[in-house]
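# Coordinates in review
The residues making up each chain are set out below.
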Amino acid sequence: AILCRRDLDERGIGESHRRWLARLVSTRRIVIMPTANALGYYQNKREEGGIDPNRDFPFDIEEKDKDKCMQTIAGRSINELFREHLFQLSITFHAGMEAITYEWGAPTYLKYMSPDDEAQSQIALGYKRLAGNFDGTPDYKTGTMNDIVYYVRGGMEDWAYGGSWDPDRVVQCTPNTFGGYPPEKTTYNDSTLRMFNVLVEASDHKTPPATKTGTTEQLLITNGAGNGHISRNLRIALMAIELVQPYVSILGAGGVALEDDIVPSKDRSNRSCMQNKAMLIPSNKKEIEIEWTVGGGFTVDETRIIHGRWEDMPPSID
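Model, not experiment: these values are computed from the prediction.

Here is what the cut-offs are and how they apply
- Residues numbered from 1 in each chain as written.
- Predicted model: local features only at pLDDT ≥ 70, side-chain atom pairs only at ≥ 80, totals over all residues.
- Heavy atoms only, no water.
- Pairing = 2+ DSSP bridges.
- Helix = DSSP H or I, 4+ residues; strand = E, 2+ residues; numbered from the N terminus.
- Disulfide = S-S within 2.5 Å.
- Buried < 20%, exposed > 50% of the residue type's maximum accessible area, 1.4 Å probe, protein only.
- Salt bridge = Lys/Arg side-chain N within 4 Å of Asp/Glu carboxyl O.
- Axes fitted to C-alpha atoms, helices over the stretch in contact; angles between N-to-C directions.
- Contact = heavy atoms within 4.5 Å.
- Parallel < 35°, antiparallel > 145°, perpendicular 65-115°, else oblique.
- Left-handed = near helix turned anticlockwise from the far one by under 90°.

## Some words on the sheet that holds strand β5 (residues 247-253)
Strand order across the open sheet formed by three strands is β6-β5-β7, with antiparallel pairing between neighbours. Bordering the open sheet on either side are β6 (256-257) and β7 (290-295), each of which pairs with just one other strand. Relative to β6, β5 runs antiparallel, the two sharing two bridges. Across the sheet, the residue bridging to Gly-252 is Ala-257, located in β6.

## As for the state of the cysteines
Scanning the model with the defined rule gives one disulfide in all. Each disulfide pairs two cysteine sulfurs, and for Cys-69 the partner residue is Cys-173, the sulfurs being separated by 2.1 Å. On the sign convention where negative means left-handed, the S-S torsion of about -120° between Cys-69 and Cys-173 marks this disulfide as left-handed. With Cys-69 in the loop between α3 (38-43) and α4 (73-84) and Cys-173 in the loop between α7 (156-162) and β4 (196-203), this residue pair connects regions lying 104 residues apart in the sequence. Residue Cys-69 shares its accessibility class with Cys-173, and that shared class is buried.

## Some thoughts on the pattern of salt bridges
Evaluation of the coordinates by the stated rule reveals 16 salt bridges. One salt bridge in this structure joins Lys-64 and Glu-62, with 3.7 Å as the shortest N-O distance. The class of Glu-62 is partly exposed, set by a relative accessible area of 41%. Each of Glu-15, Arg-18 and Arg-19 takes part in a single network of salt bridges with overlapping partners.

## What about the sheet that holds strand β2 (residues 97-102)?
In a beta sheet, neighbouring strands are held together by backbone hydrogen bonds and run either parallel or antiparallel to one another. Ordered by their spatial adjacency, four strands build an open sheet running β1-β4-β2-β3, and the pairing between neighbours is mixed. Only two strands of the sheet have a single partner each, and these edge strands are β1 (89-94) and β3 (141-144). If you compare each strand with its neighbour and ignore which way they point, the axes differ by 25° on average. Those strands touched by helix α5 (residues 117-131) are β1, β2, β3 and β4, and its axis lies near 145° from that of β2. Of the strands in this sheet, β1, β2 and β4 touch helix α8 (residues 229-243), which is tilted by about 165° from β1.

## Comments concerning the packing of helix α2 (residues 15-27) against α8
Two elements in contact, α2 and α8, have axes separated by 10 Å at closest approach and are oriented at 60°. In this view, α2 runs oblique relative to α8, as classed from their interaxial angle. In this structure, the crossing between α2 and α8 has a hand that is left-handed. Contacts from Trp-20, Leu-21 and Leu-24 in α2 reach Leu-238, Ile-241 and Glu-242 in α8.

## Things to note about the environment of Ala-253
On the secondary structure map, Ala-253 appears in strand β5. Residue classification places Ala-253 among the buried residues on the basis of a relative accessible area of 7%. The spatial distance from the C-alpha of Ala-253 to the C-alpha of Thr-213 is 43 Å, given a sequence separation of 40 residues. Not counting chain neighbours up to four residues away, the residues in contact with Ala-253 comprise Met-279, Ile-288, Glu-289 and Ile-290.

Just distances and angles here, no functional claims.
Okay, structure coming up:
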């Protein structure tokens, strides 16, 4: 453990960053799907068997074209993943230009902002600032997919964002490929598809030179010595994981530092055998200073301490 932490420290990941990363790993479910279009990647083609997976989702397509969605294994694999999880934030990494874009990206909404435009804009700007620039590669552009990239029918990003609460844009797919796909697989409830799904166009070149990909040196520092395509997008991914949920961490009390409590979903229903953090405070001490930090967001409007005797706390606090 000592050697591991020393190695992290040498790479610019100090104790505070290490604890932060440990918290993220312990309190989030992180799902990574590398090269969803595995066949296309292997063949160095955009399509999977002649079909573009980027247009294979049942959003903003016409009813007569319901046999033109969920035709690919890539599309179905992503669909199955979304049916199993209630995702809140995600990033789709592509290449061909350099931009961070968000909803809308569909022709029906070409002249409209999404109802979450302000939040998505702030998140995209946060990604941009953390990503930085390097060696002639400028900061990412940000904006809607309609404005920065181009609109599409059947796009994955808008499907994942609005499929549950904008049902008029969704059809039940009846593809003929691979023996068909049950229509109920593209019937969604009101919570499955309502996530912020950001499209990151990571590089103008599909295969940038190794000199542009970056290194692990000063990995978590914007515009650090090792900044590049991979390193800056790793930071963006970490910010997405951070922003999934706000949290509070008490750092210390009375000048005594406390260890981070990163044990998620600890059962507190049986109060008689609970093991809580405790500090002995002399009864004659008139005041004590509590230090805490807030994460999982960009701005903090207000924080406060609520205190009381444990036996007076309602069961809901558990």
